[in-house]
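Letter by letter, the chains look like this.
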Amino acid sequence: MLTGIGFANDKIGFLCFRYESADFTPAICRTQDGWITWKKVSITLPSKFDGYGITPLSPAFDGLHDTLPLLLYREDGTNFIIYLTSNDYGKTWTYDETSQSS
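These lines cover the structure that appears in this document, whether it is placed above or below. (Residues numbered from 1 in each chain as written. Predicted model: local features only at pLDDT ≥ 70, side-chain atom pairs only at ≥ 80, totals over all residues. Heavy atoms only, no water.)

## Topic: the sheet that holds strand β7 (residues 79-86)
And step 1. On the basis of which strands lie adjacent, the open sheet formed by 4 strands has the order β5-β6-β7-β8 and antiparallel pairing. Both edges of this open sheet fall to β5 (53-56) and β8 (94-95), since each of them pairs with a single strand only.
And step 2. Pairing between β5 and strand β6 (residues 66-73): 4 bridges, direction antiparallel. Bridge pairing links Pro56 to Leu70 in β6. (Pairing = 2+ DSSP bridges. Helix = DSSP H or I, 4+ residues; strand = E, 2+ residues; numbered from the N terminus.)

Next up, the structure:
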């Protein structure tokens, strides 16, 4: 299930999926060669987010501080968005503790 798409330039882009297989693991896929090959991006969140479902949304690029919003949710209706940041066009993403919205 595609949940986000974003382009940094004509070579670098992202496809985000709520899940990629029967185990419902979210996936963020990145290309850096103009859509010819794709590689899954690995992200690690703090343990306080264990037990939440994750839906990656569309990344945004401004050349300095790129952002990737993640919707976190639980079956009890709790949900909020956190933001990962990158300064290398999404090769690596870091969680910013001050970025959480309710």
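Having seen the structure, we can now continue with the description.
## Observations regarding the pattern of salt bridges
And step 1. In total, this model carries 1 salt bridge according to the counting rule given.
And step 2. Salt-bridge contacts for Glu97 lead to Lys48; the nearest nitrogen and oxygen are separated by 2.4 Å. Remark: Lys48 occurs in the loop between β4 (39-40) and β5 and Glu97 occurs in the segment after β8; sequence separation between them is 49 residues. (Salt bridge = Lys/Arg side-chain N within 4 Å of Asp/Glu carboxyl O.)

## Comments concerning the sheet that holds strand β1 (residues 2-7)
And step 1. If you walk across this open sheet you meet the 4 strands as β1-β2-β3-β4, and the pairing is antiparallel. What marks the edges here is a single partner per strand, and that holds for β1 and β4.
And step 2. As paired elements, strand β2 (residues 13-17) and strand β3 (residues 27-31) share 5 bridges and run antiparallel to each other. Across the sheet, Cys16 pairs through a bridge with Ile28, a residue of β3.

## Regarding the pairing of β1
And step 1. One ladder, built from 5 bridges, connects β1 with β2; its direction is antiparallel. When the bridges of β2 are listed, Gly6 appears paired with Phe14.
And step 2. Linking β1 to β2, which pair antiparallel, is a turn of 5 residues.

## A few points about the environment of Tyr19
And step 1. Looking at the element boundaries, Tyr19 is found in the loop between β2 and β3.
And step 2. Considered as a pair, Tyr19 and Trp93 are 74 residues apart in the sequence and their alpha carbons are 19 Å apart.

## Topic: unusual backbone geometry
And step 1. Phi at Trp35 is positive, roughly 80 degrees, even though this residue is not glycine.
And step 2. As for its position among the elements, Trp35 is in the loop between β3 and β4.
And step 3. For Trp35, a relative accessible area of 29% puts it in the partly exposed group. (Buried < 20%, exposed > 50% of the residue type's maximum accessible area, 1.4 Å probe, protein only.)

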